[in-house]
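Residue-level structural notes
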Amino acid sequence: MAKPGVETRMRSSVITARAAASFDPVGRSVATARAFVRDTLQGWGHSEVVDDAVVLTSELVTNAIIHAGTAADVLCLRTEDSVRVEVADRYPEREVPIQSATRALGNLDSENGRGLLLCSALASRWGVEYTPTHKQVWFQLDLPQRPVGTRSAGPVLPTSLLPVADQRVRVAVLQIDAAKVISAWNEDAERIFGYAAEQVIGKPLGDIAAWPHTPSIGTGLAEALLLSRWEGSYGIRDTDGRVVPVYASHLRVRDTNGEPSTVCLLVRDDERAVLQTPQRAPVSDSGSENNATDPFEVFIGSPAPDDLDGLLQRTVERARDMLDGDAAFLLLATDDETELEVRATTGLPSARQRFARVTVEAGTGRYGSARMPAVHEDLVAVPGAVPLLNSTGMRSVVTVPLKVEGRLTGSLGVAAESAGRYSNEEALRLQFAADRIALAVESARLGELERLRRGSLSFLVEASDLLAGTLDRDQTLALMAQMTVPTLATWCAVYTIADQASDPYLSYVLHEDEERIDGLKALLSTIDPPDPVPTPGARIWTAPGKAAQQAALLASKHQLGLGTAPPVSSGIGTTLATAAAVGGETVVLPLVARNRVIGMLTLGKPSDDHFRQEILELAEDLSRRAALALDNARLYSERVAISQSLQRSLLPPEMPDIPGVEVEVIYRAAGEGNEVGGDFYDVFPIRDGAYGFAIGDVCGTGPEAAAVTGLARHALRLLAREGFGGPAVLERLNAAILDEGARSRFLTLLYGELWPQEDGSALLKVVCAGHPLPLRLSQDGTVEPAADPQPLLGVMEDLELHEQMVTLNPGDVLLCVTDGVTERREGTRMLGDEGLMEVLTACTGLTAGAVATRVLRAVERFAAEPASDDMAILAMRVPELHAR
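Each helix and strand in the protein chain was counted, giving 19 helices and 34 strands. Every one of the 884 residues in the protein chain was classed for burial, and the buried ones make up 48%. By sequence separation, contacts in the protein chain at least 24 residues apart represent 62% of the contacts at least 6 residues apart. Surface accessibility of the protein chain: about 42600 Å² in total, with carbon and sulfur atoms responsible for 50%.

Most of strand S22 (residues 596–604) sits out of view: nine of its nine residues are buried. In this structure, strand S18 (residues 491–496) lies alongside S22, joined through six bridges in antiparallel fashion. Directly across from Val494, in S22, lies its bridge partner Leu601. In this sheet, S22 lies alongside strand S21 (residues 586–593) in antiparallel orientation, the contact comprising eight bridges. The residue bridging Thr586 from the neighbouring strand is Gly604, located in S22. Counted between consecutive antiparallel strands, the loop separating S21 from S22 contains two residues, among which Arg594 sits at a positive phi close to 55°.

Our next topic: the side chain of Thr748. Among the secondary structure elements, Thr748 is positioned in strand S26 (residues 747–756). Using a relative accessible area of 12% as the deciding quantity, one classes Thr748 as buried. There is a polar contact of 3.0 Å between the side chain of Thr748 and the side chain of His771. Excluding residues within four positions of it along the chain, Thr748 makes contact with Ile695, Gly696, Asp697, Ala769, Gly770, His771 and Leu792.

The N-to-C vectors of helix H1 (residues 29–44) and helix H2 (residues 50–67) enclose an angle of 150°; their axes lie 9 Å apart at closest approach. One finds that H1 runs roughly antiparallel with respect to H2. Handedness of the crossing formed by H1 with H2: right-handed. Only Val50, Asp51, Ala53, Val54, Thr57, Ser58, Val61, Thr62 and Ile65 of H2 make contact with H1, whose side of the interface consists of Ser29, Val30, Ala33, Arg34, Val37, Arg38, Leu41 and Gln42. Looking at the contact of H1 with H2 residue by residue, the class counts come to nine nonpolar, five polar and three charged.

Okay, the nonpolar core next. Counting residues in hydrophobic clusters, the biggest one holds 50 residues, and the most contacted among them are Met480, Leu524, Leu591 and Leu603. Take this core: its biggest share by element is nine residues, from helix H14 (residues 613–650). Beyond its immediate stretch of four places on either side in the chain, Leu591 contacts Met480, Val494, Tyr495, Arg596, Val597, Ile598, Gly599, Met600, Leu601, Ser623, Ala627 and Leu630. Among the nonpolar cores identified, the runner-up in size contains 37 residues, and Leu60, Leu118, Phe139 and Leu141 belong to it.

In a beta sheet, neighbouring strands are held together by backbone hydrogen bonds and run either parallel or antiparallel to one another. Strand order in the open sheet formed by five strands is S19-S18-S22-S21-S20, with antiparallel pairing between adjacent strands. Both edges of this open sheet fall to strand S19 (505–511) and strand S20 (539–540), since each of them pairs with a single strand only. As judged from the six bridges shared by S18 and S19, these two strands associate in the antiparallel manner. The residue of S19 that forms the bridge with Val494 is Tyr508. Along the sheet, helix H10 (residues 473–484) makes contact with S18, S19, S21 and S22, crossing S19 at roughly 40°. The sheet contacts of helix H11 (residues 517–525) involve S18 and S19, and relative to S19 the element is tilted by about 150°.

Taken together, the side chains of Phe746, Val795 and Met796 present a nonpolar region at the surface, about 260 Å² in accessible area. Along the polypeptide, Phe746 turns up in the loop between helix H16 (726–738) and S26. On the basis of relative accessible area, Phe746 is assigned to the partly exposed category, the value being 37%.

Read across the sheet, five strands follow the order S1-S2-S3-S5-S4 without closing on themselves; strand pairing throughout is antiparallel. The sheet is open, and its two edges are formed by strand S1 (17–23) and strand S4 (125–130), each paired on a single side. Across the sheet, the mean angle from the axis of one strand to that of its neighbour is 15°, orientation sign disregarded. Bridge count between S1 and strand S2 (residues 72–78): seven bridges; the pairing is antiparallel. Each residue of the ladder has a partner; that of Ala17, found in S2, is Arg78. Sheet contacts for H1: S1, S2 and strand S3 (82–89); angle to S1, the most-contacted strand, approximately 170°. In the packing of H2 onto the sheet, contacts are made with S1, S2, S3 and strand S5 (135–142), and the angle to S5 comes to roughly 175°.

Mapped onto the secondary structure, Gly723 falls in the loop between helix H15 (703–721) and H16. Its relative accessible area of 56% is what places Gly723 among the exposed residues. Linking Gly723 and Ile686, residues 37 residues apart in sequence, is a C-alpha distance of 8.4 Å.

The next thing to look at is the pairing of S5. For S5, a buried count of seven out of eight residues is recorded, marking the element as mostly surrounded by other parts of the structure. The sheet contact formed by S4 and S5 spans six bridges and is antiparallel. Within the sheet, the bridge partner assigned to Arg125 lies in S5 and is Gln140. The hairpin formed by S4 and S5 contains four residues between the paired strands.

A full pass over the atoms with the stated rule returns five aromatic pairs. Relative to Phe193, the ring of Trp185 has its centre 6.0 Å away and its plane inclined at 50°; by these criteria the two rings are tilted. Ring centres 6.3 Å apart and planes at 80° place the aromatic pair Trp185 and Tyr195 in the edge-to-face group. Linking Trp185 in strand S7 (residues 182–185) with Tyr195 in the loop between helix H4 (187–193) and helix H5 (197–200), this pair joins segments that are ten residues apart in sequence. Each residue in the set Trp185, Phe193 and Tyr195 is aromatic and connected to the rest through ring pairs, giving one cluster. Directly above the aromatic system of Trp138 lies the positively charged group of Arg84, at a separation of 4.0 Å from the ring centroid.

This part takes up helix H18 (residues 832–841). An α-helical segment advances 3.6 residues per turn. Residues three or four places apart therefore align on the same side. When we look at burial in H18, the residues that qualify are Gly832, Gly835, Leu836, Val839 and Leu840. Projected down its long axis, H18 carries its buried residues within an arc of 140°, all on one side. Turned more than 90 degrees away from the buried face of H18 sit Glu834 and Glu838, all of them exposed. In the core, the buried residues of H18 are packed alongside strand S28 (775–777), strand S29 (783–785), strand S31 (813–817), helix H17 (819–822), strand S33 (829–830) and helix H19 (848–862).

Another aspect to go through is the environment of Leu221. Position of Leu221 relative to the elements: it lies in helix H6 (residues 221–226). Taking the relative accessible area as the measure of exposure, Leu221 reaches 13% and is therefore buried. In the structure, Leu221 is positioned eleven residues away from Ala210 in sequence and 9.3 Å away in space, judged by C-alpha atoms. Among all residues touching Leu221, those that are not within four sequence positions of it are Leu205, Gly206, Ala209 and Trp211.

The next point concerns the confidence of the model for the protein chain. Looking at the protein chain as a whole, the pLDDT averages 79, with 81% of positions reaching at least 70. Across residues 148–152, where pLDDT falls below 50, the model places five contacts with residues more than four positions away in sequence or in other chains.

What counts as what
Residues numbered from 1 in each chain as written. Predicted model: local features only at pLDDT ≥ 70, side-chain atom pairs only at ≥ 80, totals over all residues. Heavy atoms only, no water. Helix = DSSP H or I, 4+ residues; strand = E, 2+ residues; numbered from the N terminus. Buried < 20%, exposed > 50% of the residue type's maximum accessible area, 1.4 Å probe, protein only. Contact = heavy atoms within 4.5 Å. Areas by Shrake-Rupley, 256 points an atom, 1.4 Å probe, with all protein chains shown as cover. Pairing = 2+ DSSP bridges. Polar contact = N/O pair within 3.5 Å; in protein donor to acceptor, adjacent residues only side chain to side chain. Axes fitted to C-alpha atoms, helices over the stretch in contact; angles between N-to-C directions. Parallel < 35°, antiparallel > 145°, perpendicular 65-115°, else oblique. Left-handed = near helix turned anticlockwise from the far one by under 90°. Nonpolar A, V, L, I, M, F, W, Y, C, P; charged D, E, K, R; others polar. Core = buried A, V, L, I, M, F, W, Y, C linked by side-chain atoms within 4.5 Å. Patch = residues over 30% accessible without salt bridge, like charges linked within 9 Å, V, L, I, M, F, W, Y side chains within 5 Å. Salt bridge = Lys/Arg side-chain N within 4 Å of Asp/Glu carboxyl O. Phe/Tyr/Trp six-rings, centres within 6.5 Å; stacked < 30°, edge-to-face > 60°. Lys NZ or Arg CZ within 6 Å of the ring centre and 35° of its normal. Arc of directions from axis to C-beta. pLDDT = per-residue confidence, 0-100.

Here you go:
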């Protein structure tokens, strides 16, 4: 019974050729049937209908073998004007979807009836016939009736539907030579764009082309000129600077000397019909092939994937189907052609081989058949000939090289589980396909590589900025890990080495899933750290993977009651998740700075994953920068610790308790990490009932100023306790400073001696050597200087200094400051002596601590910027009698 309304007879009853084959109900029979129909029709010389015939055969045989579960009989018939293909199965009870007013054909996404949908869409005629034992689906494809040599033809159209063109259609003809410059420019090109030939010949086409694509993202002008054939739209800037939209057809040719060049035919974009290849009708996505006429598209399908991985994956799938294989693989060569990297596989046990590498020429596990086509009839006889197939069950394999301009760019292989499946004939077919795709694969690979390099450069610049922005060791460790995860690896561990005698210490662990960090840290803590080998580059570290597998095994046994708990036990779920996270490839990169290994950077992938070589090279660059940053942070921390230790030794010990006198000191050193600078203070007992105090300012800040600070403070104590009076103490200190020679610095100093009195007052003797004058705040609120100015120290050898007597009555305050207080600036304004006196006037009745705090707050509020000078505030107050 035939489908109603569908003609069952062929246009010509004379059958000029016949071919038949039967296919067993196994999965790979579908690919074998496709190859049978393709070879048959190509042998008959009917390449125009091969694609449609293969698509329809694939679906019908799939229905018979996969869905009906029976063998499939395929019969190909040829007449003078058509080709008929019949596919019969042995399950006639299956329902046939009928198209009617009330029932539509099945959904394209449904497996059931999809072959009949395609027959309806692609075939000239089709039908279904039943016998008691068979169901036969057939389709007929009419052969195009065209003159000999016609590549394609469009339908006859009414004059009104023909494309519009100028009275004379002009076709610009350009030729681009091997140097990628214009070598020919015809008269039509001059008329369309306005340039005379002498104006453009010798110049790159890119100088006048307005290419619409972004370089390294889509196909650029340079890439298009290198393709064997290219069609599309872009623009040409004319002599007025305006962009003329054009439609172009590029053809790559070579002359009799073998020199390549590109011939470019261009017309105005609205006349594109003159050059544009007629588009074939679109085909349902359900077809396993596509109606393409270019040899590349015949093999890879159309549209070709935009991304490299998609292109490679489709390539291995089509190669496997073409040779009826059980598996296929594609490897790409490194830049030096010494190694091949696995980039796409199908039919192999897992993706664990992705990005694995094998050597091309020599060495253990070499890939010896990379540069020439090779057929291995039985891998058992040549173990290791194709390392990728070790332990996969594959017995026979055919491999062919991918070459571009004579350079090895990759290798394509198809393998089968049975021996003796392939011969030189299959190798030639696969080599033909490889030649069709090699240039496209290399172009996509170079584009990907360029994007990776640009991304790597941007990544390293950003990483360098971040690492240079901190001198904190812990923050540097955190940055190292955060920059690698997840950009370069799934997890990261940083080991540090304190010195050559120390063992590596696990300092930081990070995983892209925060819930895995604790389990990962616990696992790494149970194994010995990697050896601190200074050899540059990444090396494989297998210990974490083995430890993870062992922990998972012990955890599973323990859950079943078959063994003890693993050393690190946090639940079977966590243990297994940690094992999966660490079960992939792990690499170690040394952190070398100043010719010393200061740590190791460990990067890991989850199970079945390998690192790409480009990623490892980027990680190596990062490790060098990170190592230097980490060592700089270590050196800085050590120097800061030493500096702070020395600076603390320059600060006076605890303040003495002076009977009847409140004493408060506030000290602020300028500069990061400084505890003491050029300003200093001291309050110390001289003898019973007498106390010395000093506040000074050494010229400058930092360590040099701090050295003079130490000299001055210790000399004051020593000389005062020897019984020298104030002028004598300062004169001898002046001599000691001058003895420092070139290292000497001038010093302003306020020195005094204080004696508490029985009546509740305090008697002071002060010497003010070039220092801001001390201010006395009386109980009635008046403020006045408490001493006269005298020469500073460290400038003149002969000083004549004198001391002045000051009495502090109950409630009085003596305020001593350094110039960091009085010279506090905001733009052109300065706090000055008058501003300080105004602040002190409002401090009547306050304690010494409150006075010092209020002065500090006034100084800080005077300007928004942090203070740039050291600052010391010394406040002494005699409390009122009733407050004691």
